[in-house]
Amino acid sequence: MQNITRIYALSKRNVILRYKNSLVGFFWGFFKPLLYLLILIVVFSQVSNIENFVLYATSGLVFWFYFANVTNQSIASIISSAGIIKSLNIPVIFFPLSETLSELFNLMLTLVVFSIVMHWFGMVYSWKLLLVLPAAFLFSFFTLGITLILCSLNVFFRDIGILWTTMQPALFYLTPIAYPESIITNHYAFVVKFNPIYYFIKLARGLIYSPDLPSLTLWMHCALIASVSFMFGYFIFNKLKNQFISAI
């Protein structure tokens, strides 16, 4: 119970600090995907044959920015909390975990706002939208696994943060967010499908955009990817955590 209280307190602190002295607060998390959406509409909507491009792109953008925000905020979470880690007996994993939970809270709010706005762009309200919640939690486990790897390595190699920031734009365009996967030739299809984020975006899009339910196979793929990511991330983190204090 005490650990849950600590995680909640850290997550609450992250949300408060992020929007402290901000005029629009949480809505900054809404404006960033909206800005990208406007850019994608200008660049891609006239050259793609995607029906209802706005809803198609939005269903991918919201989840992409959740992933990007969690990893960007968490990658330095251990270093930036060095004083707390050295002075208080708090499990170090609470810091990247609290960043993930605070961004998950933001994602839920963003989905509520977008679900209202996207109704004007043809999004159909149905019970299927409730499945976005388990999809988001699966994506969170995957994201937490990646986060644990990044923040652990960043303690010892500060270039990890710079490298990750450099890689993100390439990863964004390797994920079919603004374009249909049908335009990818067979020679390069394996590159996109090797990207694990592709499966979570496809799952979210199947719930928000597509009239058909995502297949059970896709759900199982996402569950497997999330499990492997989290277990591998936790293994790396657990292997290195005893050296964190001396490194920071």
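These lines cover the structure that appears in this document, whether it is placed above or below. Counting of residues starts from 1 at the beginning of each chain's written sequence and follows it residue by residue. Reporting of local features is limited, given that this is a predicted model, to residues whose pLDDT is at least 70; pairs of side-chain atoms are given and counted only at 80 or more, and all residues count toward the totals for whole chains, interfaces and linings. To obtain the side-chain values, all non-hydrogen atoms of the structure were included, while hydrogens and water were left out.

### Some thoughts on the environment of Tyr-199
Right, so step 1: Helix and strand assignments come from DSSP, with helices taken as H or I runs of at least 4 residues and strands as E runs of at least 2, each series counted from the N terminus. Mapped onto the elements of the fold, Tyr-199 is located in helix α10 (residues 197-208).
Right, so step 2: Put simply, Tyr-199 and Trp-219 are 20 residues apart on the chain and 8.8 Å apart in space, counted from C-alpha to C-alpha.
Right, so step 3: Beyond its immediate sequence surroundings of up to four residues, Tyr-199 is in contact with Lys-193, Leu-218, His-221, Cys-222 and Ile-225.
Right, so step 4: Distance and chemistry together define a polar contact, namely a pair of N or O atoms within 3.5 Å, with one atom able to donate a hydrogen and the other to accept it when in protein, and with adjacent residues in sequence counting only for side-chain atoms on both sides. A polar contact of 2.9 Å, which involves the side chain of Tyr-199, links it to the backbone oxygen of Lys-193. Contacts: residue pairs with any heavy atoms within 4.5 Å of one another.

### Examining a nonpolar patch on the surface
Right, so step 1: Taken together, the side chains of Leu-35, Tyr-36, Ile-39, Val-42 and Val-43 make up a nonpolar region of the molecular surface, amounting to roughly 470 Å² of accessible area.
Right, so step 2: Mapped onto the secondary structure, Ile-39 falls in helix α2 (residues 28-44).
Right, so step 3: Under the relative-accessibility criterion, Ile-39 is labelled partly exposed at 42%. For patch building, the residue pool is restricted to those with more than 30% relative accessible area and no salt bridge; the joining distance is 9 Å between like charges and 5 Å between nonpolar side chains (Val, Leu, Ile, Met, Phe, Trp, Tyr). Here the Shrake-Rupley method, with its probe set to 1.4 Å, supplies the accessible areas, and only the displayed protein chains count as covering residues. In what follows, salt bridge is the name for a side-chain nitrogen of Lys or Arg lying within 4 Å of a carboxyl oxygen of Asp or Glu. Only protein chains enter the accessibility calculation, which uses a 1.4 Å probe. A residue is then buried if its area is under 20% of the maximum for its type, exposed if over 50%, and partly exposed in between.

### Describing the side chain of Lys-128
Right, so step 1: Its place among the elements puts Lys-128 in the loop between α6 (94-117) and α7 (132-156).
Right, so step 2: Counted as positive: Lys and Arg. Counted as negative: Asp and Glu, with His and the chain ends omitted from the count. For Lys-128, which is buried and forms no salt bridge, the nearest opposite charge comes from Asp-212, at a distance of 7.0 Å.
Right, so step 3: Here the side chain of Lys-128 touches Ser-210 through a polar contact of 2.3 Å, landing on its backbone oxygen.

### So, the environment of Gln-73
Right, so step 1: For Gln-73, the position within the fold is in helix α3 (residues 53-74).
Right, so step 2: Sequence separation between Gln-73 and Thr-100 is 27 residues, and the spatial gap between their C-alpha atoms is 8.6 Å.

### Examining the packing of aromatic side chains
Right, so step 1: Between rings of Phe, Tyr and Trp, where Trp is taken as its six-membered ring, a pair exists when centres lie within 6.5 Å; planes separated by under 30 degrees are stacked, by over 60 edge-to-face, and by other angles tilted. What the rule picks out here adds up to 17 aromatic pairs.
Right, so step 2: Geometrically, the ring pair formed by Phe-139 and Phe-142 is stacked, given 6.0 Å between the ring centres and 5° between the ring planes. With Phe-139 and Phe-142 both in helix α7 and three residues apart, the pair spans about one turn of that helix. The residues Phe-139 and Phe-142 share a single accessibility class, namely buried.
Right, so step 3: Aromatic rings pair up to connect Phe-63, Trp-64, Tyr-66, Phe-67, Phe-139, Phe-142, Trp-164, Phe-172, Tyr-173 and Phe-200 into one cluster.
Right, so step 4: Lying over the aromatic face of Tyr-56, Arg-205 brings its terminal NZ or CZ to 3.6 Å of the ring centre. Counting as a charge over the ring demands two things of the Lys NZ or Arg CZ atom: a distance within 6 Å of the ring centre and an angle within 35 degrees of the ring normal.

### Brief notes about the packing of α7 against helix α8 (residues 159-173)
Right, so step 1: The N-to-C vectors of α7 and α8 enclose an angle of 135°; their axes lie 7 Å apart at closest approach. In terms of orientation, α7 and α8 fall into the oblique class. For the pair formed by α7 and α8, the contact residues are Ile-146, Leu-150, Leu-153 and Asn-154 on the first element and Ile-160, Gly-161 and Trp-164 on the second.
Right, so step 2: A per-class count over the contact of α7 with α8 returns five nonpolar, two polar and no charged. Orientation is described by axes fitted as lines to C-alpha atoms, over the contacting stretch for helices, and by angles from 0 to 180 degrees between their N-to-C directions. Orientation is classified from the angle alone, with under 35 degrees giving roughly parallel, over 145 giving roughly antiparallel, 65 to 115 giving roughly perpendicular, and any other angle giving oblique. Residues are sorted three ways: Asp, Glu, Lys and Arg are charged, Ala, Val, Leu, Ile, Met, Phe, Trp, Tyr, Cys and Pro are nonpolar, and all the rest, Gly among them, are polar.

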